[in-house]
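Take a look at the letters that make up each chain.
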Amino acid sequence: MKFKKMFFCCVPLFLGIADLASAAEAMTVRIKSGRIQEYVNGSLKRSYGSNLIDASTDGITVVGVTKDGKVKEYKNGSQRRTFGSNVVRVRISGGTVFAELKNGKTAEYVNGSLRRTF
C-alpha cells in the first residue's frame, strides 16, 4: 500500500518536469526565399508560407507579412487567418500583432481584428 501512495505522489512531479522541458524550447523564425523557417533550439523544425518578406513569433504563434502587405498568421505550421493591408513589418507579443504600415503608423490586431492605429 505504501508503494501505491508513493507512486501516485511522484506521477504529477514527472508530468510537471515534461511540461517544463517543452516550455524551455526556444523558437525563432527567419525568412529565406520567401518562406518562414522555424527553428527550435537552433535546429530547423519546418518551413512554410510563400511570398513573405518579414516574420515574427511569440513562441506559440508565427506571423508573416506577404509582398502585397497582408499579415498571415500561423499556428503549428498551419495558416489560421489573413488580415491587414499596406503592412511593411510585423511583430507579435502575447497574441497581439503590431503591424508597421507604409504610412509610418502602427496597427494593433487582436484575434485578426483591428483594435487601434497609432
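**Concerning the overall build of the protein**
Helices and strands together make up the secondary structure of the protein, namely 1 helix and 11 strands. Secondary structure elements of the protein occur, N-terminal to C-terminal, as α-β-β-β-β-β-β-β-β-β-β-β. By residue count, 30% of the 118 residues in the protein fall in the buried class. Look at the contacts in the protein between residues 6 or more apart in sequence, and 25% of them connect residues 24 or more apart. Per element, the accessible surface of the protein, about 7700 Å² overall, is 54% carbon and sulfur.

**Brief notes about the packing of aromatic side chains**
Under the criterion given, the structure shown has 2 aromatic pairs. Pairing Tyr48 with Tyr74 gives two aromatic rings, centres 5.0 Å apart and planes at 50°, and the pair type is tilted. Remark: Tyr74 occurs in strand β6 (residues 71–75) and Tyr48 occurs in strand β3 (residues 43–48); sequence separation between them is 26 residues. Both residues of the pair, Tyr48 and Tyr74, count as buried.

**Structural notes on the environment of Gly112**
Within the secondary structure, Gly112 is located in the loop between β10 (106–110) and β11 (113–117). Contact partners of Gly112, with chain neighbours within four places excluded, come to Arg81 and Phe83.

**Quick word on the nonpolar core**
The biggest cluster of nonpolar side chains holds 12 residues, and these are Val63, Val65, Val71, Phe83, Val87, Val90, Ile92, Val97, Ala99, Leu101, Ala107 and Tyr109. Elements supplying a minimum of two residues to this core: β5 (61–66), β8 (87–93), β9 (96–101) and β10. Apart from the residues within four sequence positions on either side, Val65 is in contact with Asn51, Leu52, Ile53, Asp54, Lys70, Val87, Val88, Arg89 and Val90. Residues Ile36, Tyr48, Ala55 and Val62 belong to the second largest nonpolar core, which totals 9 residues.

**A look at the sheet that holds β11**
Read across the open sheet, the 4 strands follow the order β8-β9-β10-β11; overall the sheet is antiparallel. Each edge of the sheet is formed by a strand with only one pairing partner; in this case those strands are β8 and β11. Each strand axis lies, on average, 25° off the axis of its neighbour in the sheet, ignoring direction. Both β8 and β9 contribute to a ladder of 6 bridges, which runs antiparallel. Bridged to Val87 within β9 is Leu101.

Rules of the game
- Every chain's residues receive numbers from 1 upward, in the order its sequence appears when written.
- For this predicted model, a pLDDT threshold of at least 70 governs which residues receive local features, and a threshold of 80 or more governs which side-chain atom pairs are given and counted, while totals over whole chains, interfaces and linings are taken from all residues.
- Calculation of side-chain values draws on the structure's entire complement of heavy atoms; hydrogens and water are dropped beforehand.
- In this text, helices come from DSSP runs of H or I with a minimum length of four residues, and strands from runs of E with a minimum of two, each type numbered from the N-terminal end.
- Summary of the burial criterion: residues with accessible area below 20% of their type's maximum are buried, those above 50% are exposed, and those between are partly exposed, where the area comes from a 1.4 Å probe applied to protein chains only.
- Only heavy atoms matter for contacts: two residues are in contact if any of them lie within 4.5 Å across the pair.
- Where accessible areas are quoted, they stem from the Shrake-Rupley method and a 1.4 Å probe; at the residue level, only the protein chains shown are allowed to cover.
- Centres within 6.5 Å are what make two rings of Phe, Tyr or Trp a pair, Trp counting through its six-membered ring; a difference in plane orientation under 30 degrees is then read as stacked, over 60 as edge-to-face, and the rest as tilted.
- Here, nonpolar core means buried Ala, Val, Leu, Ile, Met, Phe, Trp, Tyr and Cys residues that are tied together by side-chain atoms lying within 4.5 Å of each other.
- Only when DSSP finds a minimum of two bridges between them are two strands counted as paired.
- All axes are obtained by fitting lines to C-alpha atoms, using only the stretch in contact for helices, and the reported angles, taken between N-to-C directions, cover 0 to 180 degrees.

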